[in-house]
Amino acid sequence: MNPNTERFIPFALPSIGEEEERGVVEVLRSGWLTTGPVAKRFEAEVAALVGSRHALALNSATAGLHLALEAVGVGAGDRVLTTPYTFAASAEVIRYLGASPLFLDIDGETLNIDPSGVEEALSRGPSPREGGSIRAVLPVHVGGLPCRMERILAACAAAGVPLVEDAAHAFPVRTEGLGGRRAYCGTLGAAGVYSFYATKTITTGEGGMLVTDSDEIARRVSLMRLHGIDREVWNRYVSRDAEWRYEIVEAGYKYNLTDIAAAIGRAQLAKAADFLERRRSIAARYLAAFADADYLRLPAASDDHAWHLFTLRIVEDRLTIDRDEMVRSLMDHGIGVSVHFIPLHIMPYYRNAYGFKPEDFPNALQAYRTIFSLPIYPSLTDEQVERVVAGVRSVAERHRRGRPDAGRRG
Ligand SMILES: Cc1ncc(COP(=O)(O)O)c(C=O)c1O
């Protein structure tokens, strides 16, 4: 038994305090638990922060991506341009609509979609074998590092194809949009989506938010998130003036966020700037601590990074262990680590549906072979950060290629 096991450093932990508890208790005592006034306030606060005309609270980012693609007109037989280096959600929502992902490889440095690939794909279109036409572009800000949006947006504008941002990891950070104008990730394209899943930069347990400046998209999403009912009916049980009659005008979904969750979200939102600062200071410490480690490849850094994830890559010819052994050894050292991402194109579903081979997306495959993610969250203490640094260095240095005792396990 490793002596560090008792002091295991979790890979991720939410930062929940009295403010969140108070908010939830207030809602529980209010008599109104599901979507209502608290969700409305949460939406208004997010819209004000990121500067979008509309913010629509949802029960997940997955729901938001689904509704955003639906609202911009993606349908059966269409193609949506994205990368395989992401979580299940980014591509499965494309399949919900009967469309197919058109995967592009990532930029090997940033792990984000490669802007030249987008430019080329939009001017060339899908091959006859792939079929369909590109109806939307879905860039993912992997780990919270903003994609090169200026170029991607310009390519979309030139092709007349709407852009939906998967900003699940990138709340609340800014980057350059068209013409170098700085704006929040999520607000740069036709619509953008944040995730408030338990490990994200702010959380509601499960939840998400879609932001857009388009009245038309907002109207459609608002309709489809609650059963395709023609108008807001959330107050139909509590207000004397409420109209009980409604009409279903579409086969919609059940994607609304509860007031219980929104209360947590409002308290988290008030702390979002402090959370971001703490994540940034942990990232700065990791970057400095591993700067001289030639057996590790550091993540692409940027002042705009949200640092939802801090990833390292092993340099394979400098170490005698592979990524899997690195992950195992760190876990044995009491350090929670994870892997982001297992590329979608090597998953059985996508392999079977589209006939992908692992080497179809070499940058994504190479990143996956070598990458692991370290703990990074606001409640991680300086002492824990130093233990993570020491743990990574000690495991790696014990397995440096060329060391007389390298390769010995332990
Ligand atoms: C890149 C990315 N997009 C979308 C999602 C979906 O978020 P949610 O769990 O809120 O549906 C995730 C979740 O981890 C994600 O990592």
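Structure report, in brief. The numbers attached to residues start from 1 for each chain and follow its sequence in the written order. In view of the model being predicted, local features appear only for residues whose pLDDT reaches at least 70, and side-chain atom pairs are presented and counted only at 80 or more, with totals across whole chains, interfaces and linings using the full set of residues. With hydrogens and water stripped out, all remaining heavy atoms of the structure feed into the side-chain values.

Focus: the site of the ligand
- Residues are classed as near a molecule or strand on a simple rule: at least one heavy atom within 4 Å of it. For the ligand, the set of nearby residues contains 16 residues, the closest of which are Thr62, Asp166, His169, Ser195 and Lys200.
- Two N or O atoms form a polar contact when they lie within 3.5 Å of each other; inside protein one atom must be a possible hydrogen donor and the other a possible acceptor, and for residues adjacent in sequence the pair counts only when both atoms belong to side chains. The side chain of aspartate 166 places a nitrogen or oxygen atom 2.7 Å from a nitrogen atom of the ligand.
- Taking lysine 200, its side chain carries an N or O atom lying 2.6 Å from an oxygen atom of the ligand.
- In the complex, the protein chains occlude 93% of the 390 Å² of accessible area that the ligand would expose alone.
- The cavity where the ligand resides is the largest pocket.
- Numbering goes from the N terminus for both helices and strands, where a helix is a DSSP run of H or I of at least four residues and a strand is a run of E of at least two. Secondary structure elements with two or more residues in the shell around the ligand: α3 (61-71) and α4 (88-96).
- Counting residues per element, the shell around the ligand draws most heavily on α3, at three residues. Each accessible area is a Shrake-Rupley estimate made with a 1.4 Å probe; only the visible protein chains count as cover when residues are assessed. Detection works on a 1 Å grid of protein atoms alone, calling trapped sets that fit a 1.4 Å probe cavities and calling open sets with protein on both sides within 12 Å along at least five of seven lines pockets, with lining residues defined by an atom within 4 Å of a point. Each molecule is checked against the cavity or pocket grid, and it sits inside if more than half of its atoms lie within 2 Å of the grid points.

Points about the layout of surface pockets
- In this structure, the largest pocket spans a volume of roughly 610 Å³.
- Lining the largest pocket are 39 residues, with Ser195, Tyr197, Thr199, Lys200 and His308 sitting closest to its centre.
- When residues of the lining of the largest pocket are traced back to their parent elements, those giving at least two are α3, α4 and α9 (272-289).
- A breakdown of the residues in the lining of the largest pocket according to their chemical character gives 20 nonpolar, 15 polar and four charged.
- Shared between two domains, the lining of the largest pocket holds at least three residues of each, these being domain 1 (18-270) and domain 2 (272-398). Grid points are joined across faces, edges and corners, and a volume is the space filled by probe spheres set on the points. We call Asp, Glu, Lys and Arg charged. Ala, Val, Leu, Ile, Met, Phe, Trp, Tyr, Cys and Pro are nonpolar, and the rest, Gly among them, are polar. Delimitation of the domains relies on an automatic or database domain assignment.

Some remarks on the packing of helix α2 (residues 37-50) against helix α8 (residues 259-270)
- Closest axis-to-axis distance for the α2/α8 pair is 8 Å, and the angle between their directions is 35 degrees. Between α2 and α8 the crossing geometry is left-handed. Counting all contacts with α2, which are made through Pro37, Val38, Ala39, Arg41, Phe42, Glu45, Val46 and Leu49, the residues of α8 involved are Asp259, Ala262, Ala263, Gly265, Arg266 and Leu269.
- For the contact of α2 with α8, the residue count by class is nine nonpolar, one polar and four charged. To obtain each axis, a line is fitted to C-alpha atoms, and for helices this fit is confined to the stretch in contact; angles are then taken between N-to-C directions over 0 to 180 degrees. Here a crossing is taken to be left-handed if its near helix is turned anticlockwise relative to the far helix by less than a right angle, and right-handed if that turn runs clockwise. Whether two residues are in contact is decided by their heavy atoms, any of which lying within 4.5 Å being enough.

A few points about the sheet that holds strand β9 (residues 208-212)
- Here, a strand pair is defined by DSSP locating no fewer than two bridges between the strands. Read across the sheet, four strands follow the order β1-β9-β8-β5 without closing on themselves; strand pairing throughout is mixed. Of all the strands in the sheet, just β1 (54-58) and β5 (164-166) have a single pairing partner and so form its edges. The average angle at which neighbouring strand axes cross in this sheet is 20 degrees, direction not considered.
- Across three bridges, the pairing between β5 and strand β8 (residues 191-195) is parallel. Across the sheet, aspartate 166 pairs through a bridge with valine 193, a residue of β8.
- Packing of α2 onto the sheet brings it into contact with β1, β8 and β9, and relative to β1 it is tilted by some 135 degrees.

Remarks on the packing of aromatic side chains
- Each Phe, Tyr or Trp ring, with Trp reduced to its six-membered ring, pairs with another whose centre is within 6.5 Å; inter-plane angles below 30 degrees give stacked pairs, above 60 give edge-to-face pairs, and intermediate values give tilted ones. As enumerated under the stated definition, the model contains 15 aromatic pairs in all.
- Geometrically, the ring pair formed by phenylalanine 171 and tyrosine 194 is edge-to-face, given 4.7 Å between the ring centres and 65 degrees between the ring planes. On the criterion of sequence distance, the pair formed by phenylalanine 171 in the loop between β5 and β6 (174-176) and tyrosine 194 in strand β8 is long-range, its members being 23 residues apart.
- To sort residues, take the accessible area from a 1.4 Å probe on protein chains only and compare it with the maximum for the residue type: under 20% means buried, over 50% means exposed, and anything in between is partly exposed. For phenylalanine 171, a relative accessible area of 1% translates into the label buried.
- A connected cluster of aromatic rings, assembled from ring pairs, spans Phe103, Tyr349, Tyr350, Tyr354, Phe356 and Phe361.

Here's the deal with the environment of valine 388
- You can see valine 388 is positioned in helix α13 (residues 382-398).
- Along the sequence, valine 388 and tyrosine 286 sit 102 residues apart, while their C-alpha atoms lie 8.9 Å from each other.
- Setting aside residues up to four positions removed in sequence, valine 388 forms contacts with Ile9, Tyr286, Ile335, Leu374 and Pro375.

Quick word on the pairing of strand β2 (residues 79-82)
- Covered by surrounding structure in β2 are Arg79 and Leu81 together with Val80 and Thr82, the residues of both alternating faces.
- Pairing geometry for β2 and strand β3 (residues 100-103), over four bridges, is parallel. Its bridge partner being in β3, threonine 82 is matched across the sheet by phenylalanine 103.
- When the strands point away from the viewer, a crossover counts as right-handed if the path from the first strand over the helix to the second runs clockwise. Handedness of the β2-α4-β3 crossover: right-handed.
- Where β2 lies against strand β4 (residues 134-137), three bridges are found, and the strand directions are parallel.

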